[in-house]
Amino acid sequence: MDKHYDVIIIGSGAGGGTLARQIAPSGKSILILERGDWLKREAKNWDAAAVFEHNRYISPDTWYDRTGRPFQPQVHYFVGGATKMFGAALYRLRREDFGELPHHDGISPAWPITYEDMEPFYTRAEEMYHVHGRHGLDPTEPPSSAPYPCEPVSNEPRIQQLFDNLTAAGFHPFPAPSAVMLDERNLAYSNCIRCQTCDGFPCLLHAKSDAEVVAVRPALNFPNVALLRNAKALKLQTNARGSEVTEVVADVAGEREVFRGDIVVVSCGAANSAKLLLLSANGAHPNGLANGSDQVGRNYMFHNSQAVLALSPEPNPTMFQKTLALNDFYFGMDGFTYPMGNIQMIGKSLGPMYRGEKPLETLLLPAELLGDVARHAIDFWLTTEDLPDPSNRVTVDGAGNLTLSYTPNNQVPHQKLYEKLKSMLSQLGMYPNYLIPRHIYMKTDIPIAGCAHQAGTCRFGTDAKSSVLDINCKAHELDNLYVVDTSFFVSIGAVNPSLTAIANAIRVGDHLMQRLA
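## A word on the overall build of the protein
- Each helix and strand counted, the protein has 10 helices and 21 strands in total.
- When its C-alpha atoms are laid out on the principal axes, the protein stretches across 70 × 50 × 50 Å.
- Sequence separation of 24 or more characterises 73% of the internal contacts of the protein that already satisfy a separation of 6 or more.
- Per element, the accessible surface of the protein, about 19400 Å² overall, is 52% carbon and sulfur.
- Computing the positive centroid from 45 side-chain charges and the negative centroid from 55, the protein places the two 3 Å apart.

## A closer look at the packing of aromatic side chains
- Applying the stated criterion to the full structure yields 17 aromatic pairs.
- Judged by centre distance (6.0 Å) and plane angle (65 degrees), the ring pair of F98 and Y115 falls under edge-to-face. A residue pair is termed long-range when its members are at least 10 positions apart, and F98 in the loop between β4 (70–71) and β5 (101–103) and Y115 in helix α3 (residues 115–128) qualify at 17 residues. The exposure classification of F98 matches that of Y115, with both residues buried.
- With a centroid separation of 4.9 Å and 70 degrees between ring planes, the pair formed by Y330 and F331 is classed as edge-to-face.
- We classify F331 as partly exposed; its relative accessible area is 26%.
- Here the aromatic cluster, defined as three or more aromatic residues joined through ring pairs, consists of F98, W111, Y115, Y122, F460, F488 and F489.

## Section: the packing of helix α1 (residues 16–23) against helix α5 (residues 211–220)
- Where α1 contacts α5, the axes come no closer than 8 Å and their chain directions differ by 40 degrees. On the basis of the axis angle, α1 is oblique to α5. You can see that α1 and α5 cross each other, and the crossing is left-handed. Where α1 abuts α5, its residues G17, T18, A20 and R21 lie against V214, A215, V216, P218 and A219.
- By residue class, the composition of the contact of α1 with α5 is 6 nonpolar, 2 polar and 1 charged.

## Some remarks on the nonpolar core
- Counting residues in hydrophobic clusters, the biggest one holds 116 residues, and the most contacted among them are I10, L236 and L481.
- Among the elements that take part in this core, helix α10 (residues 498–516) stands out by supplying 9 residues, more than any other.
- Not counting chain neighbours up to four residues away, the residues in contact with L236 comprise I10, V245, E247, V248, V264, V266, L276, L277, S280, L289 and L481.
- Grouped together as the second largest cluster of nonpolar side chains are 25 residues, L162, A310, L324 and L425 included.

## Description of the pattern of salt bridges
- The tally for this structure, following the rule as stated, stands at 17 salt bridges.
- In this structure, the salt-bridge partner of R56 is E42, at a minimum N-O distance of 2.7 Å. Taken together, the residues span a long stretch of sequence, with R56 in the loop between α2 (48–53) and β3 (63–64) and E42 in the loop between β2 (30–33) and α2 at a distance of 14 residues.
- Looking at R56, the relative accessible area reads 40%, which means it is partly exposed.
- When salt bridges with common partners are traced through the structure, they connect K84, D210, E212 and R217 into a single cluster.

## Brief notes about a nonpolar patch on the surface
- Together, Y431, Y434 and I436 make up a nonpolar patch on the protein surface, roughly 300 Å² of accessible area in all.
- Its location among the elements puts Y434 in the loop between α9 (411–424) and β20 (435–438).
- With a relative accessible area of 49%, Y434 lands in the partly exposed category.

## A short note on the sheet that holds strand β8 (residues 174–175)
- The sheet built from 6 strands is open, its strands ordered β8-β15-β16-β17-β14-β20 with antiparallel pairing. One side of each edge strand has no neighbouring strand; the edge strands of this open sheet are β8 and β20.
- Pairing between strand β15 (residues 324–326) and strand β16 (residues 342–345): 2 bridges, direction antiparallel. Looking at β16, one finds that L326 is bridged to I343.
- Running at roughly 155 degrees to strand β17 (residues 377–384), α9 makes contact with β14 (304–311), β15, β16, β17 and β20 of the sheet.

## Considerations on the packing of α3 against α10
- Look at α3 against α10: their axes get within 8 Å of each other, and the N-to-C directions meet at 110 degrees. As judged from the angle between their axes, α3 and α10 are roughly perpendicular. Across the interface between the two elements, M118, F121, Y122, R124, A125, E126 and M128 from α3 touch L499, T500, I502, A503, N504, I506, R507 and D510 from α10.
- Class assignment of the residues belonging to the contact of α3 with α10 gives a composition of 9 nonpolar, 2 polar and 4 charged.

## Topic: α10
- Between its terminal C-alpha atoms α10 stretches 26 Å, which fits the 27 Å expected from 19 residues at 1.5 Å a residue.
- Within α10, 14 of the 19 residues are buried, leaving the element largely enclosed by the surrounding structure.

## Considering the environment of T403
- Along the polypeptide, T403 turns up in strand β19 (residues 402–405).
- Separated by 334 residues in sequence, T403 and R69 place their C-alpha atoms 9.2 Å apart.
- Apart from the residues within four sequence positions on either side, T403 is in contact with Y64, D65, R66, R393, V394 and T395.

## Re the pairing of strand β18 (residues 393–396)
- Note that β18 and β19 share 4 bridges and pair antiparallel. Note that in β19 the partner of V396 across the bridge is L402.
- Counting the residues in the hairpin turn of β18 and β19 gives 5 residues, including G400, whose phi is positive at 85 degrees.

## Here's the deal with the side chain of S267
- Turning to its location among the elements, S267 is positioned in the loop between β13 (255–266) and α6 (270–279).
- For S267, a relative accessible area of 7% translates into the label buried.
- Of the polar contacts made by the side chain of S267, one reaches the backbone nitrogen of G16; its length is 2.9 Å.
- Every residue in contact with S267, bar those within four places of it in the chain, is listed here: I10, G11, G15, G16, S273, V484 and D485.

## Observations concerning the environment of Y431
- Residue position: Y431 is located in the loop between α9 and β20.
- Owing to a relative accessible area of 40%, Y431 belongs among the partly exposed residues under this scheme.
- Along the backbone, Y431 and P313 are 118 residues apart, and their C-alpha atoms lie at a distance of 6.8 Å.
- With residues near it in sequence (within four places) discarded, Y431 still touches L311, S312, P313 and L425.

Analysis parameters
- Residues numbered from 1 in each chain as written.
- Predicted model: local features only at pLDDT ≥ 70, side-chain atom pairs only at ≥ 80, totals over all residues.
- Heavy atoms only, no water.
- Helix = DSSP H or I, 4+ residues; strand = E, 2+ residues; numbered from the N terminus.
- Contact = heavy atoms within 4.5 Å.
- Areas by Shrake-Rupley, 256 points an atom, 1.4 Å probe, with all protein chains shown as cover.
- Lys, Arg positive; Asp, Glu negative; His and termini not counted.
- Charge placed at Lys NZ, Arg CZ, Asp CG, Glu CD.
- Phe/Tyr/Trp six-rings, centres within 6.5 Å; stacked < 30°, edge-to-face > 60°.
- Buried < 20%, exposed > 50% of the residue type's maximum accessible area, 1.4 Å probe, protein only.
- Axes fitted to C-alpha atoms, helices over the stretch in contact; angles between N-to-C directions.
- Parallel < 35°, antiparallel > 145°, perpendicular 65-115°, else oblique.
- Left-handed = near helix turned anticlockwise from the far one by under 90°.
- Nonpolar A, V, L, I, M, F, W, Y, C, P; charged D, E, K, R; others polar.
- Core = buried A, V, L, I, M, F, W, Y, C linked by side-chain atoms within 4.5 Å.
- Salt bridge = Lys/Arg side-chain N within 4 Å of Asp/Glu carboxyl O.
- Patch = residues over 30% accessible without salt bridge, like charges linked within 9 Å, V, L, I, M, F, W, Y side chains within 5 Å.
- Pairing = 2+ DSSP bridges.
- Expected span 1.5 Å × (residues − 1).
- Polar contact = N/O pair within 3.5 Å; in protein donor to acceptor, adjacent residues only side chain to side chain.

Right, dumping it as structure tokens:
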């Protein structure tokens, strides 16, 4: 089948879905190719055993680590991409994250744009994704041109107690920026019901501000926008000179189809976007499309992250736990001058999650005991920046198999952050010295399987010799190829990357609207 569109967008997540929504009013013909389907709305959306123990919504993909060992990546292929399962935590990078920043293990390089360049798009992204929050409490917070569009999600009693204890101890907790469609002033008409099944679960009510709900579906209200599901892009073909993409070859429900577009946008996730470009090698681009710099696939980052739980003497009956965050140690602390990172709450742990995270270790433990641990657990997510390293990379072999080679770095600051939180527990009304790792992505025992925060494989920059994309996220070497997922990141900071991907998609969308005019 031979079809022509003004714009073809490959992928419908935070980058591709948002971009589609942004350029939909152009009137130009836009095709979204999504390798997955609608995520089925079913009771198992909220079944912890189905989601965490049985991996109901995880892709059956097989990737390989640097030793050739296979693993199942924790990726999700649906309309809305990874946002269907995300925790809806939409943080801005700090202003300093856009500049060169010394870390324990090296330098986090400067971006080719500043925080001030990105700020208006952060504000628009927060509006589009219904972000709840409040400015002025986080000492590391960069300036904002507008308040959050929604009031912060309120703390339930046990988390409010934690907030008060942190404040009394001299720290600066702040409301976590949360992208949910919650109206606490009019709960009878609120989409969100503050359930326990938000972080890591799909939302049965479509009340989480994921890319399907707030971007793709609104884009499809425009008659010029089409969505083709179960359509996996296999290769990008170029003209003889290799100066522009002419065709997208895709597997559509098992059949090979070809689509032609004036502009082609890749937004498959950092690993798969690199894979698609590498698989698209041709005579003009022998090392992969847009890869004259040899940077496609390199500098893969995904954060030094760890889920931990502390134990409270009293039960923690909190339902919606992700309402508090702490950045006091983002740039270090007394006695350690290097950045350490972010502490935030994560979704309330439930007994079946532990079974899914460590099936062998919990096999002989009764469900009642796991449930009791969960009832007293207060759950934190610790994030430290990992640094871009050209040896941490995605490669593809002749059979199309993806290898993710990754060696951890910047581990000392992450350990410092863990130890600091552990030292604070007695001040926070919890049992001291009990800060227990929760291996959220350890259904397989390979850490790199947890790739929710993947970034960096097609970095943008002003020098075509050291970057893949220009500052508008167009490939240096092709006139009509763009990449708008987290592949463009130069560094990853220490907060969730989704909002930056969304804001950048709006920024690139403005550029494309001018180009399409």
